[in-house]
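Chain and residue survey
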Amino acid sequence: MEQLENLHITKSISDMTTSKFKKMLNKELSQFSESSKSGNQISNYLLSTYIDKQLPELNILINNMELKPLLDTSGTNIVEQPYGIPLEDLNVDSMNSLLEVNNNWNLNIFNLSSLCSFKPLTCLGYHIFKSRNFFKTFNIPHATLVNYLVNLESNYHNSIPYHNNLHATDVLNSTNILLNLESFNEVFSQLEILATLFGAMIHDVDHPGVTNQFLINSDSNLALLYNDESVLENHHLSIGFKLLQSPGCDILASLTRLQRQTLRKLVIDIVLATDMSKHMILLSNLKTMVETKTITNGILCFDDYQERIQVLQTLVHCADLSNPTKDLDLYKQWVEMVMKEFYLQGDRELSLGLEVSPMCDRNNSSIEKTQVGFIDYIVHPLFETWNELVQHPLTCEILDILEINREHFSNLITPSPPSTTIQFKLTLDEDDEPISPPPKDSTP
């Protein structure tokens with residue numbers, strides 16, 4: 001009974017914090033939107049993307065999703081070619097050197113991709129499972145993992161500018177690094193870590209390159225299938241788990257039924273929280289946790305599932321929003337990719353006769369102002385609060401990089417031109433006669 005009361009109190013505090021954060025953000029963005037036309041557009045984008053209008057709790061899953069055919073890996077010699085990619089296509093020495101740095105927050109995913117035959121998710125996923133000894137801990141055959149990773153990566157589409165295998169690899173790397181923070185030493189079980197990394201790998205699989213709101217507005221089959229609730233996130237989950245059923249791909253085959261059910265629940269909770277409209281809820285929960293955290297010998301302590309899953313959800317959310325926290329050269333490449341995807345969505349909206357979403361109009365957007373607003377209102381508050389929780393040198397360094405990147409884009413903003421309104425004042429010379437008003441027309 002006492003646990004239930006504590007849970008109710010915690011939820012009430014969290015709800016109040018969420019409401020407070022929403023009001024504060026609404027107020028700040030309202031002032032920001034009044035500053036200029038582009039400010040109004042950016043404000044609308046942030047409000048429509050990162051604030052949930054409702055709080056759905058239904059997890060809608062399906063089993064009949066059409067998948068791409070499996071890649072034929074039957075002839076692959078997994079022992080000699082551990083990444084399931086022809087050896088001659090790999091720059092093995094350079095790739096291994098790049099991956100040896102397990103805590104490289106600024107891992108160049110673009111270089112990694114070119115070194116491993118454009119299969120970075122497969123390469124990094126294999127490397128992480130090997131370095132964490134998952135093959136032995138969960139009795140996963142090397143060939144099975146490669147089959148799954150190759151099939152998963154083939155369902156990330158290269159035709160999508162941003163939400164592709166490169167983004168998935170970057171999120172996986174960032175997630176792995178955040179899990180390695182000393183504050184979490186021996187906090188999470190191996191099963192929880194596996195679930196978190198699995199969630200990061202699948203979190204955007206089969207992404208169509210448009211937002212949830214586009215799918216809803218266009219009456220897409222996916223929106224109808226998932227009743228407009230976290231449409232993409234439910235789809236990613238369905239695909240990610242469905243791929244496990246493909247021949248030779250079940251990396252969870254050796255788990256007990258209870259372990260498998262537990263992992264599935266963890267992954268579902270984590271991936272559903274990557275819906276950007278949940279941002280304010282995650283941030284307010286994180287703020288509440290910071291204010292009530294318990295630390296023993298430098299290690300964070302979490303009492304129940306709800307606290308643990310909130311940390312893991314926020315961890316992956318941080319990884320998903322981490323582009324502005326990377327070195328500037330990398331950040332600029334991600335910005336170019338995401339804006340290209342936005343503009344393509346805007347083009348589709350125009351062709352369908354739909355209202356163009358904020359920041360998707362290629363003829364009317366400010367990339368520089370968008371990034372400054374994104375950092376100020378979304379990314380910085382998130383990582384600042386995360387730093388308060390974990391108190392780690394890496395997160396302090398991340399905040400420094402964030403400030404450098406913000407300054408870069410802020411300096412690129414073209415200042416608004418001064419007012420060009422000219423006020424005319426009519427004066428009369430002393431000898432001039434005052435101008436009399438014209439006589440009234442007396443015609444009936």
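Structure shown above.
Before going into details, it helps to say that this report is about the structure given with it. Starting afresh in each chain, residues are numbered from 1 along the sequence in its written order. Whole-chain, interface and lining totals are the exception, using all residues; otherwise, since this is a predicted model, local features are given only for residues with pLDDT of at least 70 and side-chain atom pairs are given and counted only at 80 or more. Calculated side-chain values reflect all of the structure's heavy atoms, with hydrogen atoms and water omitted.

Some details on the side chain of Ser 284
With respect to the helices, strands and loops of the structure, Ser 284 is situated in helix α14 (residues 279-292). Using a 1.4 Å probe on the protein chains alone, a residue whose accessible area is under 20% of its type maximum counts as buried, one over 50% counts as exposed, and one in between counts as partly exposed. Assessed through its relative accessible area of 0%, Ser 284 is described here as buried. In terms of polar contacts, Ser 284 uses its side chain to reach the backbone carbonyl oxygen of Ile 281, at 2.9 Å. Secondary structure elements follow DSSP: runs of H or I no shorter than four residues count as helices, runs of E no shorter than two count as strands, and numbering proceeds from the N terminus. In protein, a polar contact means a hydrogen-donor-capable atom and an acceptor-capable atom, both N or O and within 3.5 Å, with residues adjacent in sequence counting only if both atoms are side-chain atoms; elsewhere, any N or O pair within 3.5 Å suffices.

Describing the nonpolar core
Here, the term nonpolar core denotes a set of buried Ala, Val, Leu, Ile, Met, Phe, Trp, Tyr and Cys residues that are joined through side-chain atoms within 4.5 Å. Membership of the largest hydrophobic core comes to 104 residues, with the highest contact counts inside it found for Phe 184, Ile 202 and Trp 386. Should any heavy atoms of two residues lie within 4.5 Å, those residues are considered in contact. Beyond its immediate stretch of four places on either side in the chain, Trp 386 contacts Leu 178, Leu 181, Phe 184, Leu 286, Val 311, Thr 314, Leu 315, Cys 318 and Thr 395. By size, the runner-up hydrophobic cluster in this structure holds 8 residues, among which are Val 210, Phe 214, Leu 215 and Leu 232.

Things to note about the pattern of salt bridges
A side chain of one charge can pair with a side chain of the opposite charge if their charged atoms are brought near each other. For salt bridges, the criterion is a side-chain nitrogen of Lys or Arg within 4 Å of an Asp or Glu carboxyl oxygen. This model, assessed by the stated rule, comprises 7 salt bridges. Lys 265 is the salt-bridge partner of Asp 269, the closest N and O atoms lying 3.5 Å from each other. A residue pair is termed a helical-turn pair when its members lie 3 or 4 positions apart in one helix, as Asp 269 and Lys 265 do in helix α13 (residues 257-272) at 4 residues. Asp 347 is the salt-bridge partner of Arg 362, the closest N and O atoms lying 2.7 Å from each other. Placement of Arg 362 in the loop between α16 (328-352) and α17 (367-390) and of Asp 347 in helix α16 is noted, with a sequence separation of 15 residues between them. Overall, Arg 362 belongs to the partly exposed group, its relative accessible area being 41%. By relative accessible area, Asp 347 is classed as partly exposed at 32%.

Let's talk about the side chain of Asp 275
Within the secondary structure, Asp 275 is located in the loop between α13 and α14. A distance of 2.8 Å separates polar atoms of two side chains, one belonging to Asp 275 and the other to Ser 230. Here Asp 275 is in contact with Asn 212, Ser 230 and Glu 233, once residues within four sequence places are set aside.

Considerations on unusual backbone geometry
Even without being glycine, Ser 117 reaches a positive phi, approximately 55°. The phi angle at Glu 186 is positive, at roughly 60°, despite the residue not being glycine. You can call Glu 186 exposed: its relative accessible area is 83%.

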